[in-house]
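Residue-level structural notes
As a plain string of letters, each chain reads:
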Amino acid sequence: MKIYDDDHQSIDANWEFLNALWTDGMCANLQVVQIIHIKWLPNEISFMKFILSKARLLRTLYVDKCPDHFDDPLVDLLKCRRASAQARVLFEGKEI
């Protein structure tokens, strides 16, 4: 998955927005998600939280770079409920 986005977010794709689009089979077989070119925008963090909470077979959410600092949204991401007990989050190859 490559995110093509600039610093401008035309819509607010928060939890409510993403959840409204959800269907039961949407992430049924999703096991690995790799996000590259991330800028740590609110929509990107919301999307990662959404995937962690819905993908029951997820093993790895890989993000190509660590954030500059760990603020509240990122802490929320790391603490969010995961649908898969095996799901782990990797930043530049480092598990957190």
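Residues numbered from 1 in each chain as written. Predicted model: local features only at pLDDT ≥ 70, side-chain atom pairs only at ≥ 80, totals over all residues. Heavy atoms only, no water.

What about the pairing of strand β1 (residues 32-35)?
Here β1 shows a buried face lined by Val33 and Ile35 and an unburied face lined by Val32 and Gln34. Taken together, the four bridges between β1 and strand β2 (residues 60-63) define a ladder with parallel strand orientation. Note on β2: the bridge partner recorded for Ile35 is Val63. In this fold, β1 hands off to helix α2 (residues 42-54), which returns the chain to β2; that crossover is right-handed. (Buried < 20%, exposed > 50% of the residue type's maximum accessible area, 1.4 Å probe, protein only. Helix = DSSP H or I, 4+ residues; strand = E, 2+ residues; numbered from the N terminus. Pairing = 2+ DSSP bridges. Right-handed = clockwise from strand over helix to strand, strands pointing away.)

Quick look at the packing of aromatic side chains
Under the counting rule described, the total for this entry stands at one aromatic pair. With 5.7 Å between their ring centres and 45 degrees between their planes, Trp40 and Phe91 make a pair best called tilted. With Trp40 in the loop between β1 and α2 and Phe91 in strand β3 (residues 88-91), the pair connects residues that are 51 residues apart, well separated along the chain. Each of the two residues, Trp40 as well as Phe91, counts as buried. (Phe/Tyr/Trp six-rings, centres within 6.5 Å; stacked < 30°, edge-to-face > 60°.)

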